[in-house]
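# Chains, contacts and geometry: an overview
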Amino acid sequence: MSSPPLQNRSTGLGGRVLRSTAVAGGFILTAMGLVFLFLPGPGLLLLFLGLTLLGTEFIWARRILEKVKGQGKRLGSIWENRRR
């Protein structure tokens, strides 16, 4: 009698729940970040956190996150040159 195969975390029930939670949380944080870009609140932080969560599951979110990081670095260098 053979033992049942071990379930992979990503395909088991726990993995699906974790992935679903990450995706739902990512979309919620990203939406809230977009709203708070126009209202008082931590818009950029929520947008960054949402894209980070979505980036764990989706390539397109990783690409957007890399572009945002690049723009942040560019703005940081502009700010540093301005202060001199």
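About the criteria used
- Residues numbered from 1 in each chain as written.
- Predicted model: local features only at pLDDT ≥ 70, side-chain atom pairs only at ≥ 80, totals over all residues.
- Heavy atoms only, no water.
- Helix = DSSP H or I, 4+ residues; strand = E, 2+ residues; numbered from the N terminus.
- Buried < 20%, exposed > 50% of the residue type's maximum accessible area, 1.4 Å probe, protein only.
- Contact = heavy atoms within 4.5 Å.
- Areas by Shrake-Rupley, 256 points an atom, 1.4 Å probe, with all protein chains shown as cover.
- Expected span 1.5 Å × (residues − 1).
- Salt bridge = Lys/Arg side-chain N within 4 Å of Asp/Glu carboxyl O.
- 1 Å grid on protein atoms, 1.4 Å probe; cavity = no way out; pocket = protein on both sides within 12 Å on 5 of 7 lines; lining within 4 Å.
- Points joined across faces, edges and corners; volume = space filled by probe spheres on them.
- Nonpolar A, V, L, I, M, F, W, Y, C, P; charged D, E, K, R; others polar.

## Brief notes about the overall build of the protein
- Counting its secondary structure elements, the protein contains three helices and zero strands.
- Sequence-ordered secondary structure for the protein, helices as α and strands as β, is α-α-α.
- Relative to its 84 residues, the protein shows a buried fraction of 18%.
- A sequence separation of at least 24 residues applies to 29% of the contacts in the protein between residues at least 6 apart.
- Of the accessible surface of the protein, which amounts to about 6800 Å², a share of 68% is contributed by carbon and sulfur atoms.

## Looking at helix α1 (residues 13–36)
- Spanning 24 residues, α1 covers 34 Å between terminal C-alpha atoms, matching the ideal 34 Å at 1.5 Å per step.
- The set of residues buried in α1 consists of Gly15, Ala22, Gly26, Thr30 and Gly33.

## So, the side chain of Thr30
- One can find Thr30 in helix α1.
- Aside from chain neighbours lying at most four places away, what touches Thr30 is Leu46, Leu47, Gly50, Leu51 and Leu54.

## Looking at the pattern of salt bridges
- Scanning the entire structure with this criterion turns up two salt bridges.
- Its salt-bridge partner being Arg19, residue Glu57 comes within 2.7 Å of it at the nearest N-O pair. Linking Glu57 in the loop between α2 (43–55) and α3 (59–83) with Arg19 in helix α1, this pair joins segments that are 38 residues apart in sequence.
- Residue classification places Arg19 among the partly exposed residues on the basis of a relative accessible area of 41%.

## A short note on the layout of surface pockets
- Counted as a void, the largest pocket has a volume near 180 Å³.
- Forming the boundary of the largest pocket are Leu44, Leu47, Phe48, Val68, Lys69, Gln71, Gly72 and Leu75.
- Taken together, the elements giving at least two residues each to the lining of the largest pocket come down to α2 and α3.
- Of the residues forming the lining of the largest pocket, the biggest block, five residues, is contributed by α3.
- Residue composition of the lining of the largest pocket, grouped by class: five nonpolar, two polar and one charged.

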